[in-house]
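Notes for the structure review
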Amino acid sequence: SGGPAEPARSPCHAQHTGNDSMASRFDACVIGHLACDINRIGDTEYEPSPGGAAYYSTMVYRRLGLRAAVVTKVAGRDRSLLRQLEDAGVEVFNLPSAATTTFRNIYPSASDPDHRIQRVDARAGPIAVDALPDLRARIWQIGPLTGDDVELGMIRHCAGLGGLVGLDVQGLTRVVTDGEVRASAPAEQMDYLCALDVLKADDAEILTYTGAEAVQTGVATVRAAGVREVLVTRASAGAVIYGRGAPIAVDAAPPRRMVDATGCGDTFLAAYMTRRLTSDDLRDCGEFAAAAAAINIETRGAFQGTPADVAERRAALRRRS
C-alpha cells in the first residue's frame with residue numbers, strides 16, 4: 001500500500017526579498033535554548049553539562065563538516081556552557097537572558113536508555129522572531145525544549161529566508177508544572193507547519209502532539225498541514241520515514257557500547273538534515289542518521305564522530321546484513 005501523497009508546496013513559504021549582502025551565511029543554524037543538563041544514570045549523577053538541540057544538534061552539524069551557528073539564550077553566569085560549541089568553531093549568537101533553562105535528566109537504569117524522568121529547575125525566556133540576527137542558512141533547525149521556548153512564527157520566517165527547515169516537536173509535547181515535565185495537550189493549531197520541510201517525533205510524541213490514537217493517523221495529520229517529511233523514531237526499534245511514496249522503515253544501528261542516550265534524537269535529526277542537503281534518497285538519509293545516533297550513544301556528551309566514522313559504521317552494518 002502507498003504512503004501519504006506528497007503535499008504541494010504551500011504559499012505560506014514566503015518569498016524573501018531583503019538584501020542578503022550583509023547577512024552572515026552558514027550551512028546550518030539551530031535555534032533554541034541551550035540547557036544546563038544535570039544527568040543521573042543509575043546511581044551516578046554527573047556534573048552539569050550543556051544540553052538540548054542547541055548543543056547536541058549543533059555539534060553534529062559541526063562534526064560533519066558544516067559551517068554551523070546557534071541562536072540561543074544562556075545567562076551570563078553560565079556562559080561556560082557555550083565553550084564546547086565555540087571551541088568546535090560554532091558561531092554562537094547568545095541573546096540576553098536572566099536565566100538558563102536547567103533540566104534534570106534521570107535514567108533510573110543504566111541499561112534502559114529509553115526510560116527517562118525529567119525535571120526543570122529554571123527556564124529562559126522565549127526566542128522571538130524579531131530577535132533573530134541577520135543570518136542565512138541552508139538548514140534551519142528549530143529546537144524548543146518546552147512549548148514556549150521559540151515563537152512558532154520562526155518556522156515561516158526561516159522558510160522565507162530559504163533553506164530546509166526542520167523541527168523536533170518533542171519540546172512542543174512538554175508542559176512544565178511545578179518543575180515536573182509532563183505531556184501537554186494536543187496542538188490546537190498547526191498553521192505554522194505549512195512552512196516545514198522535516199518534522200521529527202518519537203512514536204509517543206506524535207500521538208501527544210496530534211491527539212491521534214495511531215501513529216499513521218498522527219503522521220497524516222501533520223502531513224495534511226503541509227509537512228513534507230516526517231521522521232518517527234522508535235528508540236532501539238529504529239525509525240520510520242514518511243515522505244514520497246510508501247513509509248520507509250529504517251533499522252536502528254546497534255551501538256558497540258551503551259554509555260549515554262541523551263541527545264540521540266537531536267543527533268538523528270541533525271544527521272538526517274545534513275545528508276538531506278546532498279541526497280534525495282530518504283532511506284539513505286535515514287540510515288546515515290541511524291549510524292550517527294549509534295555513534296552518539298557510545299560516549300557521554302555530544303556526537304564525537306566524523307563523516308568517515310559514519311561511513312564506516314554503515315559499511316559494517318551492510319557486511320552484517
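Residues numbered from 1 in each chain as written. Predicted model: local features only at pLDDT ≥ 70, side-chain atom pairs only at ≥ 80, totals over all residues. Heavy atoms only, no water.

1. What about the overall build of the protein?
Scanning the protein for helices and strands turns up eight helices and 16 strands. At 18 Å, the protein has a C-alpha radius of gyration in line with the 20 Å of a compact globule built from 321 residues. Seen along its three principal axes, the alpha-carbon backbone of the protein occupies a region of about 50 × 50 × 40 Å. Across the 321 residues that make up the protein, the buried fraction comes to 53%. Residue pairs at least 24 apart in sequence account for 66% of intrachain contacts in the protein once pairs closer than 6 positions are excluded. Working note: accessible area of the protein is about 13,700 Å², and carbon and sulfur atoms make up 47% of it. Where the 35 positive side-chain charges of the protein centre and where its 40 negative ones centre are 5 Å apart. (Helix = DSSP H or I, 4+ residues; strand = E, 2+ residues; numbered from the N terminus. Rg over C-alpha atoms; globule rule 2.2 N^0.38 Å. Buried < 20%, exposed > 50% of the residue type's maximum accessible area, 1.4 Å probe, protein only. Contact = heavy atoms within 4.5 Å. Areas by Shrake-Rupley, 256 points an atom, 1.4 Å probe, with all protein chains shown as cover. Lys, Arg positive; Asp, Glu negative; His and termini not counted. Charge placed at Lys NZ, Arg CZ, Asp CG, Glu CD.)

2. A word on the packing of helix α7 (residues 282-297) against helix α8 (residues 307-320)
Viewed as axis vectors pointing N to C, α7 and α8 meet at an angle of 105°, and their least axial separation amounts to 9 Å. Taken as axis vectors, α7 and α8 run roughly perpendicular relative to one another. Of α8, the residues touching α7 (which contributes D284, E287, F288, A291, A292, A294 and I295) are D309, V310, R313 and R314. (Axes fitted to C-alpha atoms, helices over the stretch in contact; angles between N-to-C directions. Parallel < 35°, antiparallel > 145°, perpendicular 65-115°, else oblique.)

3. Side note on the sheet that holds strand β9 (residues 135-142)
Remark on secondary structure: sheet strands pair via backbone hydrogen bonds, oriented parallel or antiparallel. Strands sit in the order β6-β5-β1-β9-β10-β13-β14-β15-β16 across an open sheet of nine strands; the sheet is mixed. A strand with exactly one partner marks an edge of an open sheet, and here the two such strands are β6 (91-95) and β16 (248-250). Here the strands of the sheet are splayed against their neighbours by 20° on average, with no regard to which way each runs. In the packing of helix α1 (residues 53-63) onto the sheet, contacts are made with β1 (24-31), β5 (68-73) and β9, and the angle to β5 comes to roughly 170°. This element, α7, spans β14 (229-233), β15 (239-242) and β16 of the sheet and lies at about 20° to β16. (Pairing = 2+ DSSP bridges.)

4. So, the environment of L172
When you line up the elements, L172 lands in the loop between β10 (164-168) and β11 (174-177). Each C-alpha atom, one on L172 and one on G245, is 27 Å from the other, the two residues being 73 residues apart in sequence. Among residues more than four places away in sequence, those in contact with L172 are P144, G147, L152, L167, S184, Y192 and Y209.

5. Here we look at the confidence of the model for the protein
A low pLDDT means the predicted coordinates there should not be read in detail. The predicted model of the protein averages 90 in pLDDT, with 93% of residues at 70 or higher. The low-confidence segment residues 1-9, where pLDDT is below 50, has 20 contacts with residues more than four positions distant or belonging to other chains. (pLDDT = per-residue confidence, 0-100.)

6. Description of the pairing of strand β2 (residues 35-41)
The buried fraction of β2 is high, at six of seven residues. Pairing of β2 with strand β4 (residues 49-51), which is carried by three bridges, proceeds in the antiparallel orientation. Counterpart to A35 in the pairing with β4 is G51. Bridging between β2 and strand β7 (residues 102-107) involves six bridges; their strand directions are parallel. Looking at the pairing, I38 lines up with R104 of β7. Both β2 and strand β3 (residues 44-45) contribute to a ladder of two bridges, which runs antiparallel. Bridging from a neighbouring strand, I41 pairs with T44 of β3. Adjacent in sequence and paired antiparallel, β2 and β3 are bridged by two residues, among which G42 carries a positive phi angle near 65°.

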